[in-house]
There are 2 protein chains.
Amino acid sequence: MSTIFFAYQRFSSMIDLKKYNLNKNQHRMIYLVAELNIASIGKIQKLLNISRQAFNVNLRELVERKLVNEVTSKKDKRIKTLELTEKGIELNNKVNEEQKKEIEAIFDRVNNDWEKAMIELSKEYINELDK
Amino acid sequence: MSTIFFAYQRFSSMIDLKKYNLNKNQHRMIYLVAELNIASIGKIQKLLNISRQAFNVNLRELVERKLVNEVTSKKDKRIKTLELTEKGIELNNKVNEEQKKEIEAIFDRVNNDWEKAMIELSKEYINELDK
DNA sequence: AATAATATGTCAACCATGTTGACATAAAAA
DNA sequence: TTTTTATGTCAACATGGTTGACATATTATT
């Protein structure tokens, strides 16, 4: 269990959100929108597990920065779904690029063995001690 | 990669820190102290990757609540190491209990296949949509 | 048609937690 | 003796979150 815990610390340290002027929830938002296709605002907010206010403030900024589009559903005009703009897709790729490379390198090293990969990540985290 | 990301969201949602009056960094601190044995304050702080001030404020509270002891190193009296008190160990176990159970149940279900376990966790996260 | 419920947006007030930079002390190293 | 290291603490400020009240448009219910 500590493996999962520590591995994730390492995993998330591979991303530098500041560089892209995103906060954690905005990153989670973009990531979710990119991975799920088509989910209503309400559902995304529920997944993020943050207050409506926090959600809206963050979303507003992403929309203003033209990273995300809001699309009103045709069946039920109360509902809006989110999608990434071209710019949003590009940013998302860039943000995750470094992490992706490192993770892929690790999986290569351990022949795609998930257990070994996670242990490796976990070790990398703990070994930051010795730097 | 999204598997690791989503799986961890689910993983961390299994713990309710509020119930135990801990914030995230205090939990990380306790968790680290429990898993590593014997690490200096400086090293733990570096691992947590937070400012000295944030570290000290959080640590102070843990010490006041008698969850953690500070031990001055004999070799080098400048250095202090941290250890959990009995009460700290107990709390740590309690905090992680529910998570541990759920994770073990998942690993049982997938015959300890890490890849499947992580995918399962990830799915559980996404499927919170349908509640 | 009238009323209720749903999905969303927004504001103000407040709170939790973090960062930075300056300063301080004790111990060890040079 | 001087410098460096490991630690502690303060004040000022920044970031980001929550809550509760209120508002609108649309759909569902009666």
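Structure: see above.
Read on for an overview of the structure. Since the structure is predicted, the reported quantities are computational estimates derived from the model, not experimental observations.

1. Things to note about the relation of the copies chain B and chain A
- Once chain B has been moved 0.0 Å along the axis and rotated by 180°, it coincides with chain A to within an RMSD of 0.0 Å. Both copies of the chain, as the preceding transformation shows, are related through a two-fold rotation axis. Minimal C-alpha separation from the rotation axis in chain B is found for Trp-114 of chain B, amounting to 2.8 Å.
- In this assembly, 100% of the residues forming the interface of chain B have copies in chain A that are likewise at the interface, indicating an isologous arrangement.

2. Some words on the packing of helix H6 (residues 114-126) of chain A against helix H6 (residues 114-126) of chain B
- Where H6 of chain A meets H6 of chain B, the closest approach of the two axes is 7 Å, and the angle between their N-to-C directions is 75°. Our classification of the angle between H6 of chain A and H6 of chain B gives roughly perpendicular. Across the interface between the two elements, Trp-114, Glu-115 and Met-118 of chain A from H6 of chain A touch Trp-114, Glu-115 and Met-118 of chain B from H6 of chain B.

3. Notes on helix H5 (residues 86-109) of chain A
All names here are of chain A.
- For H5, spanning 24 residues, the distance from its first C-alpha to its last is 33 Å, which sits close to the expected 34 Å at 1.5 Å a residue.
- At Glu-97, H5 is bent by approximately 45°, the largest bend along its length.
- Residues Gly-88, Leu-91, Asn-92, Val-95, Asn-96, Gln-99, Ile-103, Ile-106 and Phe-107 constitute the buried set of H5.
- Against the buried residues of H5 lie helix H1 (2-13), helix H2 (24-35), strand S2 (80-84) and H6.
- Following H5 by one or two positions, Asn-111 adopts a phi angle in the positive range, close to 55°.

4. Overview of the interface of chain B and chain A
- In this complex, chain B contributes 32 residues to the contact, which on the side of chain A involves 32 residues.
- Carbon and sulfur atoms supply 75% of the area buried between chain B and chain A, which totals about 3,400 Å² over both sides.
- Taken together, the connections running from chain B to chain A amount to zero salt bridges.
- There are four residue pairs in polar contact (both at pLDDT 80 or more) connecting chain B and chain A.
- Mapped by element, the contributors of at least two residues to the side of chain B that touches chain A are helix H1 (2-13), helix H2 (24-35), helix H3 (41-48), helix H5 (86-109) and H6 of chain B.
- A class-by-class count of the residues in the side of chain B that touches chain A yields 17 nonpolar, six polar and nine charged.

5. Regarding the protein's contact with DNA strand D
- Near DNA strand D there are 22 residues, and of these Asn-25, Ser-51 and Lys-77 of chain A together with Gly-42 and Arg-52 of chain B occur at the shortest range.
- Among the atoms of DNA strand D close to the protein, meaning within 4 Å, 58% are from sugar or phosphate groups.
- Measuring from a phosphate oxygen of DNA strand D, one finds a side-chain N or O atom of Ser-51 of chain A at 2.5 Å.
- Between DNA strand D and Lys-80 of chain B, the relevant distance is 2.9 Å, taken from a phosphate oxygen to a side-chain nitrogen or oxygen of the residue.
- Counting residues per element, the ones that place at least two in the surface near DNA strand D are helix H4 (52-64) of chain A together with H3 and helix H4 (52-64) of chain B.
- Among the elements that make up the surface near DNA strand D, the one with the highest residue count is H4 of chain B (four residues).
- The residue inventory of the surface near DNA strand D, partitioned by class, reads four nonpolar, nine polar and nine charged.

6. What about the protein's contact with DNA strand C?
- In the vicinity of DNA strand C, 22 residues are found, and the nearest of them are Gly-42, Arg-52 and Asn-56 of chain A together with Asn-25 and Ser-51 of chain B.
- When the atoms of DNA strand C within 4 Å of the protein are grouped by moiety, sugar and phosphate amount to 58% of the total.
- Residue Ile-41 of chain A places a main-chain N or O atom 3.5 Å away from a phosphate oxygen belonging to DNA strand C.
- Mapped by element, the contributors of at least two residues to the surface near DNA strand C are helix H3 (41-48) and H4 of chain A together with H4 of chain B.
- Among the residues forming the surface near DNA strand C, the class breakdown is four nonpolar, nine polar and nine charged.

7. Overview of the layout of surface pockets
- In this model, the largest pocket occupies a volume close to 1,600 Å³.
- Where the lining of the largest pocket is concerned, the elements lending two or more residues are H1, H2 and H3 of chain A together with H1, H2 and H3 of chain B.
- The element that contributes the greatest number of residues to the lining of the largest pocket is H1 of chain B, accounting for seven residues.
- Looking at the lining of the largest pocket residue by residue, the classes come out as 18 nonpolar, 13 polar and twelve charged.

How each quantity is defined
- Residues numbered from 1 in each chain as written.
- Chains lettered and ligands numbered in written order.
- Predicted model: local features only at pLDDT ≥ 70, side-chain atom pairs only at ≥ 80, totals over all residues.
- Heavy atoms only, no water.
- Least-squares fit on C-alpha atoms with pLDDT ≥ 70 in both.
- Contact = heavy atoms within 4.5 Å.
- Axes fitted to C-alpha atoms, helices over the stretch in contact; angles between N-to-C directions.
- Helix = DSSP H or I, 4+ residues; strand = E, 2+ residues; numbered from the N terminus.
- Parallel < 35°, antiparallel > 145°, perpendicular 65-115°, else oblique.
- Expected span 1.5 Å × (residues − 1).
- Bend = angle between axes of the 7 residues up to and from the residue.
- Buried < 20%, exposed > 50% of the residue type's maximum accessible area, 1.4 Å probe, protein only.
- Buried area = accessible area lost by both parts, 1.4 Å probe.
- Salt bridge = Lys/Arg side-chain N within 4 Å of Asp/Glu carboxyl O.
- Polar contact = N/O pair within 3.5 Å; in protein donor to acceptor, adjacent residues only side chain to side chain.
- Nonpolar A, V, L, I, M, F, W, Y, C, P; charged D, E, K, R; others polar.
- Near = heavy atom within 4 Å.
- 1 Å grid on protein atoms, 1.4 Å probe; cavity = no way out; pocket = protein on both sides within 12 Å on 5 of 7 lines; lining within 4 Å.
- Points joined across faces, edges and corners; volume = space filled by probe spheres on them.

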